[in-house]
Amino acid sequence: MLKLIVGVFFCGAVLAQGNVRVLLAEGELNESSEWHFTTSKKSFLCLYSEGSLFCNGKPLGKKAVRISADDNRCRYQDIVYAGQIALIIQDNHWYVINNISLDEYVYSVLRSESWPGWPLEVNKVFAIMVRTYAVHKMMVAKKSKKKQLFDIKATNIHQTYKGVHDFEHLLQAVNETHDIIITYNKEPIVAMYDSCCGGIVPAHISGFDFKSNPYLARPYACTFCTECKLYNWKIVYPQELLVTILQQEFPDLSFIKEIHVHESDKAGKVMQVNVKAGRFHKKISGTLMYRLCKDVRSFCYTIKKEGKNIIFTGKGFGHHMGVCQWGVRTMAKQGFLFKEILDYYYPGTTLMKLVTEPYDATA
Ligand SMILES: [Zn+2]
């Protein structure tokens with residue numbers, strides 16, 4: 001049977017029917033696995049037992065169930081989602097996946113990843129970035145040799161996605177940037193962003209693959225985020241507290257006699273921290289320090305010991321790459337438009353439109 005579906009064409013590729021598949025949850029399958037879904041009309045209790053999937057007591061005879069409702073709403077784990085929700089069993093693993101239109105997804109993610117109270121132009125910038133990142137993930141999934149069940153995860157590993165919200169003014173940012181994405185060499189870019197770059201020059205950051213993502217190698221400092229409280233920050237750790245934190249990885253550490261940044265790269269990103277205490281002498285990588293010390297806001301800082309305190313003094317909030325949220329806010333307030341802002345933060349990129357056209361799904 002000939003069936004027409006609306007698909008999204010981009011640079012000759014057809015993206016999965018223009019919808020994005022978001023992984024909401026996953027886990028190992030066991031005999032007590034169960035899932036609850038609710039629509040405005042019905043509740044669904046799905047169980048996995050003795051190798052079969054049951055829904056409301058009935059065996060399904062297949063390893064997937066898809067739930068959608070006339071009002072386009074479905075609840076899972078106390079969050080309401082637009083679109084369809086699928087529960088899929090594969091290789092002793094279960095996946096709950098939300099299949100949703102790209103713009104509904106962008107609208108949802110803006111609530112979490114942008115600043116709904118900030119100017120419209122800021123949210124337009126974010127709508128384009130969120131869409132671009134999603135399209136990038138959709139294309140990666142599509143090109144993957146192994147069949148992918150989902151395109152993107154719902155957590156901040158990718159982009160935080162929390163379903164339906166009522167910040168309706170964000171729709172304007174989505175609608176006014178409809179189908180626009182950021183490209184480099186006609187491919188969607190990896191649209192990285194952080195909260196405040198602290199004036200760090202991304203091109204000077206070591207250990208990053210700028211060859212694959214040259215648009216992230218911005219060779220000049222952002223000068224628009226100085227208003228952010230975390231442009232310059234200072235964290236004071238009482239020595240005992242920092243010892244307790246570092247003991248997670250170094251249980252034989254009992255006090256800190258000396259601590260300083262041993263090596264930084266050209267950008268100021270900490271590569272190694274030197275810690276001395278009696279016979280204890282360790283060089284701790286900057287990445288590990290960042291992971292252990294939750295109050296340290298970024299990768300660029302210095303450390304000094306003053307009496308019984310260890311003082312970290314640093315710049316920015318985040319990883320210093322791509323768009324700087326606080327910088328975008330200032331640029332928007334100064335009248336810059338989304339294209340100018342994106343050109344500034346992702347040099348060498350071009351804005352393109354996804355083209356929505358009908359295609360023959362049986363072809
Ligand atoms: Zn900045």
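The structure presented is a predicted model; accordingly, all values stated were derived computationally and were not measured.

(A) Just the nonpolar core, in detail. Counting 111 residues, the largest nonpolar core has W35, F37, Y105 and F312 as its most contacted members. Broken down by element, the residue count for this core peaks at twelve residues, all from helix α2 (residues 120–143). Apart from the residues within four sequence positions on either side, W35 is in contact with L29, F44, L45, C46, L47, Y48, L53, Y76, L87, I89, W94 and V96. Among the nonpolar cores identified, the runner-up in size contains eight residues, and L23, A86, I97 and L149 belong to it.

(B) Structural detail: the coordination of the zinc ion. Protein ligation of the zinc ion involves C197 (SG), C222 (SG), C225 (SG) and C324 (SG), the donor distances falling in the range 2.3 to 2.4 Å. Ordering the donors of the zinc ion by residue number gives the pattern C-x24-C-x2-C-x98-C. One end of the pair, C197, is in the loop between β16 (193–194) and β17 (232–238); the other, C222, is in the loop between β16 and β17, and 25 residues separate them in sequence. Each of the two residues, C197 as well as C222, counts as buried.

(C) Structural detail: the domain arrangement of the protein. Looking at the protein, the domain boundaries give domain 1 (4–101), domain 2 (127–227 + 319–354) and domain 3 (233–310). Taken together, the seven residues of domain 2 in the interface contact eight residues of domain 3. Taken together, the two surfaces of domain 2 and domain 3 that pack against each other cover about 630 Å², and 64% of this comes from carbon and sulfur. Per-residue buried area on domain 2 facing domain 3 is highest for H204, S206 and H320; these three make up 64% of the total on that side. Across the contact surface, domain 2 and domain 3 share zero salt bridges. Put simply, domain 2 and domain 3 have three residue pairs in polar contact (both at pLDDT 80 or more) between them.

(D) Quick look at the packing of aromatic side chains. Enumeration over the complete set of coordinates arrives at 20 aromatic pairs. Ring geometry for Y95 against F150: centres 6.4 Å apart, planes inclined by 35°, an arrangement best described as tilted. Residue Y95 is located in strand β12 (residues 93–101), and its partner F150 is located in the loop between α2 and β13 (152–153); the two are separated by 55 residues in the primary sequence. Residues Y95 and F150 agree in their burial class; the two are buried. Seen in terms of ring centroids, W118 and W326 are 5.1 Å apart; in terms of plane orientation they differ by 75°. Their pairing is edge-to-face.

(E) Broad picture of unusual backbone geometry. Look at N56: it is not a glycine, yet its phi comes out positive at around 50°. Summarising the element assignment, N56 is placed in the loop between β6 (52–55) and β7 (58–59). When its relative accessible area of 38% is taken as the criterion, N56 is described as partly exposed. A positive phi angle, near 50°, is found at D91, a position not held by glycine. Here D91 is to be found in the loop between β11 (84–90) and β12.

(F) Examining the environment of H169 more closely. Here H169 lies in the loop between β13 and α3 (170–175). Accessibility expressed as a relative area gives 44% for H169, which makes it partly exposed. Sequence separation between H169 and P116 is 53 residues, and the spatial gap between their C-alpha atoms is 8.2 Å. At 2.7 Å, the side chain of H169 forms a polar contact with the backbone oxygen of P116.

(G) Looking closely at helix α7 (residues 338–345). For α7, every residue scored as buried is listed here: F338, I341, L342, Y344 and Y345. Buried residues in α7, looked at end-on, bunch into an arc of 155°, giving them a common side. Residues of α7 that are buried in the fold lie against α2, β14 (180–184), β23 (323–324), α6 (325–333) and β24 (350–353).

(H) Local environment of the sheet that holds β11. The mixed open sheet is built from five strands, whose spatial order is β8-β11-β12-β3-β13. Edge positions in the open sheet fall to β8 (64–67) and β13, since each of these has one partner strand only. Pairing of strand β3 (residues 19–28) with β13, which is carried by two bridges, proceeds in the parallel orientation. In the sheet register, V22 faces β13, and the bridge partner there is I152. Contacts between helix α1 (residues 102–113) and the sheet are confined to β3, β12 and β13, with β12 contributing the most and set at about 100° to the helix.

(I) Up close: the confidence of the model for the protein. In the predicted model, the protein carries a mean pLDDT of 90, and the fraction of residues at 70 or more is 93%. Between residues 1–17, whose pLDDT stays under 50, and residues either more than four places distant or in other chains, the model counts 55 contacts. Note on residues 359–363: pLDDT is under 50 here. Beyond four places in sequence and across chains, it has 16 contacts.

Calculation notes
Throughout, a residue's number is its position along its own chain's written sequence, starting from 1. Under the rules for a predicted model, residues below a pLDDT of 70 receive no local features and side-chain atom pairs below 80 are neither given nor counted, while totals for whole chains, interfaces and linings still include all residues. The side-chain values count all of the structure's non-hydrogen atoms but skip hydrogen atoms and water molecules. Take the buried residues of types Ala, Val, Leu, Ile, Met, Phe, Trp, Tyr and Cys, join any two whose side-chain atoms come within 4.5 Å, and each joined set is a nonpolar core. Relative accessibility under 20% of the residue-type maximum defines a buried residue, over 50% an exposed one, and the middle range a partly exposed one, all with a 1.4 Å probe and only protein chains included. A helix here means a DSSP run of H or I that spans at least four residues, while a strand means a run of E at least two residues long, and both kinds are numbered starting from the N terminus. By definition in these notes, contact holds between two residues if any of their heavy atoms fall within 4.5 Å. The donor set covers N, O and S atoms within 2.8 Å of the metal, switching to 3.2 Å for Na, K and Ca, and it leaves out water, so a site may look short of donors. Domain start and end points were adopted from an automatic or database domain assignment. Buried area counts how much accessible surface, traced with a 1.4 Å probe, disappears from two parts once they are put together, with both parts' losses summed. Take a side-chain nitrogen of Lys or Arg and a carboxyl oxygen of Asp or Glu: if they are within 4 Å of each other, that pair is a salt bridge. The definition of a polar contact used here is a pair of N or O atoms within 3.5 Å, where within protein one atom must be able to donate a hydrogen and the other to accept one, and adjacent residues in sequence count solely through side-chain atom pairs. Only centres within 6.5 Å qualify two rings of Phe, Tyr or Trp (six-membered ring in Trp) as a pair; their planes then separate them into stacked at under 30 degrees, edge-to-face at over 60, and tilted for everything else. The reported arc concerns the directions from the helix axis to the C-beta atoms and nothing else. When DSSP locates at least two bridges between a pair of strands, those strands are taken to pair. Convention adopted: a line fitted to C-alpha atoms gives each axis, helices being fitted over their contacting stretch, and angles between N-to-C directions are expressed from 0 to 180 degrees. On a scale of 0 to 100, pLDDT captures the predictor's confidence in every residue.

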